[in-house]
Amino acid sequence: MEVRSEKKMWMVLVMVTLSLVGKISSLSVTVNEVECVYEYVLYEGDTVSGNFVVVDHDIFWSSDHPGIDFTVTSPAGNVVQTLKGVSGDKFDFKAPRSGMYKFCFHNPYSTPETVSFYIHVGHIPNEHDLAKDEHLDPVNVKIAELREALESVTAEQKYLKARDTRHRHTNESTQKRVIFYTLGEYLLLAIASGLQVIYIRQLFSKSVGYNRV
Amino acid sequence: MSGSLLLTINLLAILSLGVIFNVAHSLRYDLQSGTSKCISEEIKSNAMSVGKYTVISPNEGFPLPDSHRVTVRVNSPHGNNYHFGDHVEAGNFAFTAAESGGYTACFWTPDHKVPVTVTIEFDWRTGVAAKDWSNVAKKGQVETMELELKKLYDTVTSIHDEMFYLREREEEMQQLNRSTNSKMATLSFVSLVICLSVAGLQFWHLKTFFERKKLL
């Protein structure tokens, strides 16, 4: 009896950050730090699809952080897919063979990054599987296709949600910066003008010397 | 490969039930000794969540050495502990989320003189995927096709709910942006006012000061 198995991955946030966050201590990301995740593909020809988004923290200083590199390695050892210097992207490929695939994120910079990703391995039974197992209806193929289509919608939603989270972080940081930097600017202005006045008064004080200026 | 052993066991279980349903495999990653890694997931309140973790033995068939045990902690966004496993090889947990937010599952191995890399297989499912379909199949005596279609219906419902959630979040973000925009306008205007008033104050103060000193 044939078992049609499908792997479902979920969206996870791999915390690749330091104890700067406080209560969670994890791997510190230094230069050339890599984070890898393994996923098992059961059938050759399965479509592996997914997406990942780098969710920025308040740690980021430059808005043009080039992003991270993403590599997919097949069990044979050759690189199936690679994306360089992106802050988030979708990917999909047809698995050339079954086995354990390695999905690696590489952070070329010293600032730790949090990555949110989703990987899905989808299998649609084809005529070969139909011929092997008499319990498998042709309708099951259609159902599998429908399921895969729904999975792609779910994956897209997860991608949008992750991007929305990142966008929200940026916006919240913008608002905080607007408020604090403006208030700091007021304070500094007041202090600078106060110091100016004090200095000018000092220049004209009698103890220093009348008409010294 | 332990993954194939898992698969064989699952195959047998399914054969005995005689139902085609989804076998889920899991996420596998490495953990250096003495470090910890956390995985977090956004879970909405009242959503079911099940998790299962195993330490993959580095040598096939041999019992797991003591140095390969992990400590697991599953926490809610407010810090409540939902599951704690101390020096275990494998375990599972299930809970219904009381609050919505980011739930974290942290794995930690103690440090050894010889640094080892522990491979952990972790399967964490929430919402639709967490539902136990084998029970549904057994209870209602449903046909395979009906089960599959039920699953698809659940998936569609969850997609629908997710769209509502995304729409809400987008609304909140628009609100945030609008408030930032208005705050920036007000604060810039106030900054102009402050600048002029400080300059005016300086001018007035120095004028009276010099007039007092009889320099002007």
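Above this note sits the structure.
Residues numbered from 1 in each chain as written. Chains lettered and ligands numbered in written order. Predicted model: local features only at pLDDT ≥ 70, side-chain atom pairs only at ≥ 80, totals over all residues. Heavy atoms only, no water.

**Remarks on the overall build of chain A**
Next, step 1: Assigned secondary structure in chain A consists of 2 helices and 8 strands.
Next, step 2: N-terminal to C-terminal, the α/β element order of chain A is β-β-β-β-β-β-β-β-α-α.
Next, step 3: Residue pairs at least 24 apart in sequence account for 75% of intrachain contacts in chain A once pairs closer than 6 positions are excluded.
Next, step 4: Roughly 10900 Å² of accessible area belongs to chain A as shown, and the carbon and sulfur atoms make up 57% of that amount. (Helix = DSSP H or I, 4+ residues; strand = E, 2+ residues; numbered from the N terminus. Contact = heavy atoms within 4.5 Å. Areas by Shrake-Rupley, 256 points an atom, 1.4 Å probe, with all protein chains shown as cover.)

**Structural notes on the overall build of chain B**
Next, step 1: A count of helices and strands for chain B gives 3 helices and 8 strands.
Next, step 2: Moving toward the C terminus, one meets the helices and strands of chain B in the order α-β-β-β-β-β-β-β-β-α-α.
Next, step 3: Burial statistics for chain B: of 216 residues in total, 40% are counted as buried.
Next, step 4: Considering only intrachain contacts with a sequence separation of at least 6, the fraction spanning at least 24 residues in chain B is 71%.
Next, step 5: Summed over its atoms, the accessible surface of chain B is roughly 12200 Å², and 59% of this surface lies on carbon and sulfur atoms. (Buried < 20%, exposed > 50% of the residue type's maximum accessible area, 1.4 Å probe, protein only.)

**Things to note about the state of the cysteines**
Next, step 1: In this structure the tally under the stated criterion is 2 disulfides over all chains.
Next, step 2: Covalent S-S linkage joins A:Cys36 and A:Cys104, the inter-sulfur distance amounting to 1.9 Å. Across the S-S bond linking A:Cys36 and A:Cys104, the dihedral sits near 100°, which makes this disulfide right-handed. Linking A:Cys36 in strand E2 (residues 33-41) with A:Cys104 in strand E7 (residues 99-107), this pair joins segments that are 68 residues apart in sequence. The burial state of A:Cys36 is the same as that of A:Cys104; both residues are buried.
Next, step 3: A sulfur-sulfur distance of 1.9 Å marks the disulfide that ties B:Cys38 to B:Cys106. One quick way to see it: the torsion about the S-S bond of B:Cys38 and B:Cys106 is about 110°, and its sign makes the bridge right-handed. Residue B:Cys38 is found in strand E2 (residues 36-43), and its partner B:Cys106 is found in strand E7 (residues 101-108); the two are separated by 68 residues along the sequence. Here B:Cys38 matches B:Cys106 in class, with each residue buried. (Disulfide = S-S within 2.5 Å.)

**Considerations on the pairing of E7(B)**
Residues and elements named next belong to chain B.
Next, step 1: In terms of residue burial, E7 counts as a mostly covered element, since 6 of its 8 residues are buried.
Next, step 2: Judged from the 8 bridges that link them, E2 and E7 form a sheet pairing that is antiparallel. Bridged to Ser-40 within E7 is Thr-104.
Next, step 3: Two elements, strand E4 (residues 70-75) and E7, share 5 bridges in a ladder whose sense is antiparallel. Opposite Val-74, over in E7, you have Ala-105 as the bridge partner. (Pairing = 2+ DSSP bridges.)

**Considerations on a nonpolar patch on the surface**
Next, step 1: Together, A:Leu187, A:Ile191, A:Leu195 and A:Ile198 give the surface a local cluster of nonpolar side chains, amounting to about 420 Å² of exposed area.
Next, step 2: Among the secondary structure elements, A:Ile191 is positioned in helix H2 (residues 138-203). (Patch = residues over 30% accessible without salt bridge, like charges linked within 9 Å, V, L, I, M, F, W, Y side chains within 5 Å. Salt bridge = Lys/Arg side-chain N within 4 Å of Asp/Glu carboxyl O.)

**As for the side chain of B:Glu121**
Residue and element names in this part refer to chain B.
Next, step 1: Topologically, Glu-121 is positioned in strand E8 (residues 117-126).
Next, step 2: According to the relative accessible area criterion, Glu-121 is buried, its value standing at 6%.
Next, step 3: At 2.7 Å, the side chain of Glu-121 forms a polar contact with the side chain of Arg-28. (Polar contact = N/O pair within 3.5 Å; in protein donor to acceptor, adjacent residues only side chain to side chain.)

**Looking at the packing of aromatic side chains**
Next, step 1: Overall, the coordinates contain 20 aromatic pairs over all chains when judged by the stated rule.
Next, step 2: Relative to A:Tyr101, the ring of A:Phe93 lies with its centre 6.0 Å away and its plane at 40°, an arrangement referred to as tilted.
Next, step 3: A relative accessible area of 8% means that A:Phe93 is categorised as buried.
Next, step 4: Take A:Tyr101: its relative accessible area is 0%, and that puts it in the buried class.
Next, step 5: Through a chain of ring-to-ring contacts, three or more aromatic side chains come together here, namely B:Tyr29, B:Tyr53, B:Tyr82, B:Phe93, B:Phe95, B:Tyr103, B:Phe107, B:Phe122 and B:Trp124. (Phe/Tyr/Trp six-rings, centres within 6.5 Å; stacked < 30°, edge-to-face > 60°.)

**Brief notes about the pattern of salt bridges**
For side chains bearing opposite charge, pairing can occur when the charged atoms are close.
Next, step 1: One pass over the full model with this rule turns up 14 salt bridges over all chains.
Next, step 2: For A:Glu156, the salt bridge identified is with A:Lys90, shortest N-O distance 2.7 Å. Here the residue A:Glu156 occupies a position in helix H2, and A:Lys90 occupies one in strand E6 (residues 88-94), the gap between them amounting to 66 residues.
Next, step 3: Here B:Glu121 ties to B:Arg28 by a salt bridge, and the two come within 2.7 Å at their closest N and O atoms. With a gap of 93 residues between them, B:Glu121 in strand E8 and B:Arg28 in strand E1 (residues 27-32) connect regions that are remote in the sequence.
Next, step 4: B:Arg28 gets classed as buried once you look at its relative accessible area, which sits at 6%.
Next, step 5: One salt-bridge network, held together by shared partners, links A:Arg147, B:Glu148 and B:Lys151.

**Observations concerning the pairing of strand E3 (residues 47-55) of chain A**
Residues and elements named next belong to chain A.
Next, step 1: Of all 9 residues that make up E3, 7 are buried, and the element is covered over most of its length.
Next, step 2: With 7 bridges joining them, E3 and E6 adopt antiparallel strand pairing. Residue pairing across strands places Asn-51 opposite Lys-90, the latter belonging to E6.
Next, step 3: Pairing analysis gives 9 bridges linking E3 to strand E8 (residues 114-122), with the strands arranged antiparallel. Of the residues in E8, the one forming a bridge with Ser-49 is His-120.

**Re the packing of H2(A) against helix H3 (residues 144-212) of chain B**
Next, step 1: Here H2(A) crosses H3(B) at 10°, and the two axes come no closer than 9 Å. Here H2(A) lies roughly parallel to H3(B), going by the angle between them.
Next, step 2: Across the contact of H2(A) with H3(B), the residue classes break down as 31 nonpolar, 18 polar and 13 charged. (Axes fitted to C-alpha atoms, helices over the stretch in contact; angles between N-to-C directions. Parallel < 35°, antiparallel > 145°, perpendicular 65-115°, else oblique. Nonpolar A, V, L, I, M, F, W, Y, C, P; charged D, E, K, R; others polar.)

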